[in-house]
Structure formats: C-alpha cells, structure tokens
Amino acid sequence: MPSYAIISDVHANLEALHAVLKDREKENIDELLFLGDSVGYGPDPNLCIAMLHERAGILLAGNHDRGAVALIDISSFNPLARAALNWTSDILTEKSKTLLQELPLIAAVKKDNLFLVHASPCEPGKWHYITNEFNAFTAFRHFQEKICFVGHAHRPLIAEQAGDGSIIIHQERVIMNDRGRYLVNVGSVGQPRDGNRDAAYAILRGNSITIKRVSYDIVVTQKKMQKAGLPEYLINRLAVGR
Ligand code: ZN
C-alpha cells in the first residue's frame with residue numbers, strides 16, 4: 001500500500017497549506033487525499049483550490065465549499081463564517097467555482113480499504129461532527145471499510161473499534177491491528193481549534209496512522225486577512241488555535 005497524507009479544512013490558508021505540502025515532501029509520502037473545506041475564513045481561496053487540485057489524488061466537498069457556490073443554504077452558518085464566505089464567493093474565479101461545484105461528498109479507496117468523507121459517514125450531507133468516542137461509535141456503523149478519515153471538527157481524533165466493539169481513543173498515533181477498525185479525524189490545516197495553532201494532518205504508512213503538526217508563519221496569513229477586511233475574530237483565533 002502506498003503511504004498517504006490526508007488533509008482537511010484548509011480554509012484558504014495558503015501559508016498553512018504550503019507548510020503541510022512541504023512536510024509531505026520531507027516525509028516522502030506517496031499520495032495526497034483532501035477531505036474538503038478548501039475555502040472559507042482565509043484570504044487565498046483561489047490559490048488554495050488550484051494547489052489542491054494540482055496535488056491531491058482525491059478531493060471532497062466540505063460545507064464551506066458547497067456554501068461558497070450556493071449548493072447549500074448558509075443561513076445556519078454563524079455570522080462570522082457567513083461574512084467570510086460571502087467575501088469568498090465574491091472573489092472566486094469562474095474556474096474555482098466550477099472546480100468546487102464538481103466535488104463529491106464521499107469517496108472510497110477500495111484497494112486500500114479506505115473511506116473518505118468531510119464530516120461524518122453518517123448522513124454526509126448533514127455535516128455531523130466527530131469529536132469524541134460517542135459520536136465515533138455511531139459513525140462506525142455507517143462505513144464498511146477498515147479505515148475512515150474525516151475532518152470538519154478542526155480537532156484531531158483517532159478512534160479504534162476493537163474486535164469486541166468497544167471504542168478506544170488514541171493520542172496522536174496508533175499502530176493498527178488485524179481486528180480493529182479505525183476512524184480518524186485529521187484535524188484542520190488552516191484553522192486548528194484544539195488549542196494548538198500548528199497545521200494538522202494525518203499520515204497513513206503501513207499499519208501506522210499518525211497526526212502530525214506543522215508550524216507556519218501565521219502573521220503573514222493574518223496580515224492578508226486584515227487587508228481583505230475579514231473579521232477580526234477570525235484573524236485572532238489563528239494565533240491561539242481556537
Ligand atoms: Zn472546516
């Protein structure tokens with residue numbers, strides 16, 4: 001099986017995306033999979049969309065991707081997310097819009113027993129969050145493969161369903177066994193919310209899954225956001241990872 005870098009929730013943060021792609025090179029990882037939310041919040045939606053399409057073998061839609069091209073109603077988004085998404089829609093090129101409109105909600109890599117979805121394998125278009133052992137437990141019933149990768153919550157999580165059905169939560173890394181199934185929230189590249197400001201992504205190599213953190217120049221991103229007139233709260237949260 002090839003090695004995989006699995007990334008999600010880039011949210012138009014080009015500096016964070018660059019840092020993760022550079023780290024992928026350093027780690028010598030074969031394939032790149034993207035779980036959605038290329039845009040929203042950050043200042044570089046067009047460049048992030050282009051870069052992701054150039055590098056990723058599979059790309060999925062997140063709720064912000066769909067919202068930016070009016071495929072879903074964004075009236076339920078919080079006001080700051082909505083403001084950033086309206087700004088995003090205005091500066092998206094026709095090419096970017098076409099690329100976003102074509103993204104699917106789910107994908108599978110059958111040969112390597114992987115299932116991919118932005119939010120949850122349970123009702124993918126309803127964007128449920130997977131943040132703990134309880135919602136992980138429910139989600140395990142909604143995919144057949146050995147490993148499911150998700151994003152959306154912006155908080156990394158590795159859940160294992162053991163042979164007896166019980167759920168075990170692992171920190172940062174797991175060595176997989178034959179009987180276990182795995183559900184991995186890969187965290188967010190462009191706007192982590194687990195108290196760690198560094199970009200997060202997952203590495204699948206052989207029988208190991210690791211959540212890796214990569215630092216990047218947050219001030220550069222914040223200055224671009226200021227210039228774009230994006231909400232102050234969204235600018236400040238990058239520095240604290242909340
Ligand atoms: Zn997101």
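Please refer to the structure higher up on the page.
My aim in this report is to walk through the structure given alongside it, one point at a time.

Each value, and the rule that gives it
Residues numbered from 1 in each chain as written. Predicted model: local features only at pLDDT ≥ 70, side-chain atom pairs only at ≥ 80, totals over all residues. Heavy atoms only, no water. Core = buried A, V, L, I, M, F, W, Y, C linked by side-chain atoms within 4.5 Å. Buried < 20%, exposed > 50% of the residue type's maximum accessible area, 1.4 Å probe, protein only. Helix = DSSP H or I, 4+ residues; strand = E, 2+ residues; numbered from the N terminus. Salt bridge = Lys/Arg side-chain N within 4 Å of Asp/Glu carboxyl O. Donors = N, O, S within 2.8 Å, 3.2 Å for Na, K, Ca; no water.

What follows is about the nonpolar core. Ranked by size, the top nonpolar core spans 44 residues in total, and within it Ile 7, Val 10, Leu 17, Leu 100 and Tyr 201 carry the most contacts. The element contributing the most residues to this core is helix α1 (residues 14-27), with six residues. Counting 21 residues, the second-largest nonpolar core is a separate cluster that includes Leu 114, Leu 116, Met 176 and Ile 211.

Glancing now at the pattern of salt bridges. According to the stated counting rule, one finds twelve salt bridges in the structure shown. For Glu 27, the salt bridge is made with Lys 212, and the minimal N-O distance between the two is 2.7 Å. Of this pair, Glu 27 sits in helix α1 while Lys 212 sits in strand β12 (residues 208-214), placing them 185 residues apart in sequence. With a relative accessible area of 22%, Glu 27 lands in the partly exposed category. A single network of salt bridges, built from pairs that share partners, joins Asp 23, Lys 26, Glu 27, Arg 205 and Lys 212.

So, on to the coordination of the zinc ion. Each donor-metal-donor angle would ideally measure 109.5 degrees in four-coordinate tetrahedral geometry, or 90 or 180 degrees in six-coordinate octahedral geometry. Around the zinc ion, the protein contributes the donor atoms Asp 9 (OD), His 11 (NE2), Asp 37 (OD) and His 154 (NE2), at 1.9 to 2.5 Å from the metal centre. When the donor residues of the zinc ion are listed from N- to C-terminus, their spacing reads D-x1-H-x25-D-x116-H. Placement of Asp 9 in the loop between β1 (4-7) and α1 and of His 154 in the loop between β6 (147-150) and β7 (157-161) is noted, with a sequence separation of 145 residues between them. Judged on exposure class, the residue Asp 9 and its partner His 154 are both buried.

Generally, phi is negative for residues other than glycine and the peptide bonds are trans, each holding for most cases. For Asp 37, which is not glycine, the phi torsion reads 65° and is therefore positive. Not every positive phi belongs to a glycine, and Glu 172 is a case in point at roughly 65°. With respect to the helices, strands and loops of the structure, Glu 172 is situated in the loop between β8 (167-170) and β9 (173-175). On the basis of relative accessibility, which here comes to 58%, the residue Glu 172 falls in the exposed class.

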